[in-house]
Amino acid sequence: ADVAYLRSVLPSTTEDAFFDYLATLDTSEVTVSAVPEGSVVFAKVPFLQVKGPLLVVQLLETTLLCLVSYASLVATNAARFRLLAGPDVKLMEIGLRRAQGPDGALSASKYSYIGGFDSTSNILAGKLYGIPVRGTIAHSFVMSFTSLEEVQPRELLPLAGGEPVDLLASAQSWLRQVCELLQTPPEKANRGELAAFVSYAITFPRDFQGLLDTYCVRRSGLPNFCAVALALHELGYRAIGVRLDSGDLARQSKEVRQALRACGAHFQVPWFESISIAVSNDISEQSLEEFSKEESEIDVIGVGTNLVTCPLQPSLGCVYKLVEVNGSPCLKLTEDEEKMTIPGTKTIYRLYDAAGHPFMDLMALEEEPSPRAGQEVTIRVLGRLGETSKVVPATVEPLHRTYFRDGQVCEPLPSLPEVRTHAQTSLSLLSPAHRRLHDPQ
């Protein structure tokens, strides 16, 4: 059927022998070598090498670039967010609604996880890839309640067992005490919001969380949340977190933490001050830099649009170039020096310094002798090929492995968690000069 379709769209002068050849096409003569998935690779270094019959490898070009480019772009973007957030903050990918279609969303979830995100809100990605799934309470849920009469049922069993307790009545009692402590008027606390929080708490008493900014964080969301959390505490349960979705997130996080600490100390609930604070709302790299600079109290960050659409660089310029045919090197000459190719089949070596940091990915022809640790190597830097310099690597690592040969996968493929771990290890080995996001070497 595929060959028949090609006959219908190609010029009528195309020879029948071409279609006969396509009908017998297979990939048994193709060999693919690559850097291991999740590896950090320096710019302009070939990370995929394809050998085989010319027609076959040309047919693979667009597909391979499609599979590799967006994956590398999103993983790199995610890694930048992880470097900015630091190791302790949890990062949650929430980009499904803004991604380029469902396929783009699944790819974004998968490769954000490799790049260092901890979880995704995309449940299908969780099912298909085993990525941890996380989410928070929605504004629409909070807004769907307008009065306390809508709370049904109202009772909750204590964690240790016993008689059910009217959680709504308990929360209302706590609300008066919380408002007095926080010096906010009780009448300003939205009753529909309180009803939503109580209903959520009754349904998920071990996983209660609050979205604080549907009406007003200080006068409504925060006191309502604290009241319900304290009512749950009386029954043996612990609230797990709050989310902020608008305004000055760093400043609000500090205000919320201060209020949680005050409640914990005043009502003698020590764990209250460690309740997790999550934020969302068009989070960007600049947002994370500001959070760090302002010493925010944020524990979890949800990133969507600026993660999955990569607005700082919407595409990655991966290219697929012919460098050798039948043993003869090929060179593309062009007026644009950036687009000139380096001829010949290459091997890639990663050179490490004495501190264990990779400082160079060295391209050499396959027939050239490999560099050795402790021995001086004469090199030319891309863009300055007229100059030579000398380096002495402390360690040398061949980067490419052969993954596909004779129609078979010949190297065990790692699991997604293994790829993620490898990526994070690769990033951690980079020197600070390479790893910094502004003016890196």
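Nothing here was measured: the structure is a model prediction, and the numbers come from that model.

1. A word on the overall build of the chain
Check the secondary structure of the chain and you find 14 helices and 19 strands. Relative to the compact-globule value of 22 Å for 441 residues, the chain shows a C-alpha radius of gyration of 29 Å, a clear excess of over 25%. Principal-axis analysis of the C-alpha atoms gives the chain an extent of 85 × 60 × 40 Å. Counting over 441 residues, the chain shows a buried share of 42%. Accessible area of the chain: about 23800 Å², with a carbon and sulfur share of 52%. Side-chain charges in the chain split into 39 positive and 52 negative, and the spacing between the mean points of these groups amounts to 4 Å.

2. Describing the UniProt feature "domain: Nicotinate phosphoribosyltransferase N-terminal" (unreviewed entry) in the chain
On the UniProt side, "domain: Nicotinate phosphoribosyltransferase N-terminal" (unreviewed entry) is annotated at positions that read residues 2-69 here. For residues 2-69, helix accounts for 47% and strand for 12%, while the C-alpha atoms at its two ends are 26 Å apart.

3. Quick notes on the layout of surface pockets
A probe matching the size of a water molecule, rolled over the atoms, marks out where space remains unfilled. Counted as a void, the second largest pocket has a volume near 550 Å³. As for the second largest pocket, its lining consists of 23 residues, of which Ile94, Arg97, Arg243, Asp245 and Ser280 are closest to the centre. Counting residues per element, the ones that place at least two in the lining of the second largest pocket are helix H6 (139-143) and strand E10 (300-303). Residues belonging to the lining of the second largest pocket are distributed by class as follows: six nonpolar, 11 polar and six charged.

4. Topic: empty space enclosed by the protein
Under the definition given, this model contains one cavity of 30 Å³ or more. In this structure, the largest cavity encloses a volume near 30 Å³. Of all the secondary-structure elements, those providing two or more residues to the lining of the largest cavity are helix H9 (217-234) and helix H10 (249-266).

5. What to know about a nonpolar patch on the surface
A cluster of nonpolar side chains, Tyr5, Leu6, Val9 and Leu10, forms an exposed patch at the surface whose accessible area comes to about 350 Å². Inspection of the secondary structure puts Leu10 in the loop between helix H1 (2-9) and helix H2 (16-23). What makes Leu10 partly exposed here is its relative accessible area of 30%.

6. Some words on the environment of Arg436
Turning to its location among the elements, Arg436 is positioned in the segment after helix H14 (432-435). Given the relative accessible area of 39%, Arg436 is considered partly exposed. As a C-alpha pair, Arg436 and Leu84 span 352 residues in sequence and 9.1 Å in three-dimensional space.

7. Details of the nonpolar core
Residues Phe208, Phe225, Phe272 and Ile301 are the most contacted members of the largest nonpolar core, which totals 73 residues. No other element matches the 10 residues that H9 contributes to this core. Counting 14 residues, the second largest nonpolar core, distinct from the first, contains Tyr111, Ile114, Val419 and Ala423.

8. Digging into the UniProt feature "domain: Nicotinate phosphoribosyltransferase C-terminal" (unreviewed entry) in the chain
UniProt feature "domain: Nicotinate phosphoribosyltransferase C-terminal" (unreviewed entry): in the numbering of this structure it lies at residues 346-441. End C-alpha atoms of residues 346-441 are separated by 24 Å, and the span's content is 19% helix alongside 41% strand.

Conventions used here
Residues numbered from 1 in each chain as written. Predicted model: local features only at pLDDT ≥ 70, side-chain atom pairs only at ≥ 80, totals over all residues. Heavy atoms only, no water. Helix = DSSP H or I, 4+ residues; strand = E, 2+ residues; numbered from the N terminus. Rg over C-alpha atoms; globule rule 2.2 N^0.38 Å. Buried < 20%, exposed > 50% of the residue type's maximum accessible area, 1.4 Å probe, protein only. Areas by Shrake-Rupley, 256 points an atom, 1.4 Å probe, with all protein chains shown as cover. Lys, Arg positive; Asp, Glu negative; His and termini not counted. Charge placed at Lys NZ, Arg CZ, Asp CG, Glu CD. UniProt positions renumbered as here; feature names shortened; annotations may be inferred. 1 Å grid on protein atoms, 1.4 Å probe; cavity = no way out; pocket = protein on both sides within 12 Å on 5 of 7 lines; lining within 4 Å. Points joined across faces, edges and corners; volume = space filled by probe spheres on them. Nonpolar A, V, L, I, M, F, W, Y, C, P; charged D, E, K, R; others polar. Patch = residues over 30% accessible without salt bridge, like charges linked within 9 Å, V, L, I, M, F, W, Y side chains within 5 Å. Salt bridge = Lys/Arg side-chain N within 4 Å of Asp/Glu carboxyl O. Core = buried A, V, L, I, M, F, W, Y, C linked by side-chain atoms within 4.5 Å.

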